[in-house]
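Listed here are the chains, written in short residue letters.
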Amino acid sequence: MRHKGNTNPPGRVKIMKALSGLMKTKEFNAITTAEISETAGVTEGLIYKYFKDKKDLLYQVLNEHFVFFQEKIVTRLSEKENCLDRLQVMILTSLECYAANRVLAKILLLEVRNSPAYFESCAYDMVREYARVLLEIIERGIEQGQLKPGTDAHVLRRLIMGAIEHACLGEVIFGREVDVKQVSREIANIIFNGVKA
């Protein structure tokens, strides 16, 4: 969500960048609005001009990251027709996004899910859109015979999303690197081909 009138005032941008920068080294709850304003070089009152509170600022930062992520997904999906190729795009792009943007991953995997307000935020609307696209790909794959008939599309979606998140969780918490291409291939291979000998 942009500020009213489709503008993104410089002060708002500075505040969002300040929080993103601070979250590279600190937990969200340890960051104060005074610290955010000092880092951004703005008055503390300006935070409340653009955001309801510190949590709203967090959700807006998350939403901004999601906008760029969704644009990348849409571009890559437009180049693929086959269901499995499109699902692989979703897996690889998600892993790339988490690995390249630890702040986004940290916010999404560790910071926001314990807050009921998150599930009413614009950021969660973006998560729902991502989940909708993923479900649509799966359902179309079943209809076209590219996925096994009788596959529960909702369960398959949960498996894919859960695998992506768990593949990144330890890396986000402990700051380890992740080989996104290898992990993406392994997730796709196990989910699409199974493990039965």
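My aim in this report is to walk through the structure given alongside it, one point at a time.

What counts, and where the lines are drawn
- Residues numbered from 1 in each chain as written.
- Predicted model: local features only at pLDDT ≥ 70, side-chain atom pairs only at ≥ 80, totals over all residues.
- Heavy atoms only, no water.
- Phe/Tyr/Trp six-rings, centres within 6.5 Å; stacked < 30°, edge-to-face > 60°.
- Helix = DSSP H or I, 4+ residues; strand = E, 2+ residues; numbered from the N terminus.
- Buried < 20%, exposed > 50% of the residue type's maximum accessible area, 1.4 Å probe, protein only.
- Expected span 1.5 Å × (residues − 1).
- Contact = heavy atoms within 4.5 Å.
- Disulfide = S-S within 2.5 Å.
- Salt bridge = Lys/Arg side-chain N within 4 Å of Asp/Glu carboxyl O.

Quick look at the packing of aromatic side chains now. Tallied over the entire structure, the rule returns 6 aromatic pairs. Here the aromatic rings of Phe66 and Phe69 are separated by 6.2 Å at their centres, their planes lie at 50°, and the arrangement is tilted. Of the two residues, Phe66 and Phe69 are both situated in helix 4 (residues 54-77); the distance of 3 residues between them amounts to about one turn of the helix. Overall, the relative accessible area of 8% leaves Phe69 in the buried class. Ring geometry for Phe69 and Tyr130: centres 5.7 Å apart, planes at 35°, overall tilted. Of this pair, Phe69 sits in helix 4 while Tyr130 is found in helix 7 (residues 122-143), placing the two residues 61 residues apart along the sequence. Comparing Phe69 with Tyr130 shows no difference in burial state: the two are buried. Through pairs of rings, three or more aromatic residues link up here, namely Tyr59, Tyr118, Phe119 and Tyr124.

Turning our eyes to something else, we now look at helix 1 (residues 10-22). Side chains of residues three or four places apart in an α-helix project in the same direction, reflecting 3.6 residues per turn. With 13 residues, helix 1 extends 18 Å between its outermost C-alpha atoms, agreeing within 8% with the 18 Å of an ideal straight helix rising 1.5 Å per residue. Residues of helix 1 that are buried make contact with helix 2 (33-40), helix 3 (44-50), helix 4 and helix 6 (102-111).

Here the focus is the state of the cysteines. For the structure shown, the criterion picks out 0 disulfides. Here Cys122 stays unpaired: no disulfide links it, and the sulfur of Cys97, its closest cysteine neighbor, is 16 Å away.

Should their charged atoms come close, side chains of opposite charge can pair. Scanning all chains against the criterion turns up 7 salt bridges. Here Arg132 ties to Glu129 by a salt bridge, and the two come within 2.7 Å at their closest N and O atoms. In this pair, Arg132 and Glu129 are both assigned in helix 7, 3 residues apart and thus about one turn of the helix distant. Judged by relative accessible area, Arg132 falls into the partly exposed class, the value being 39%.

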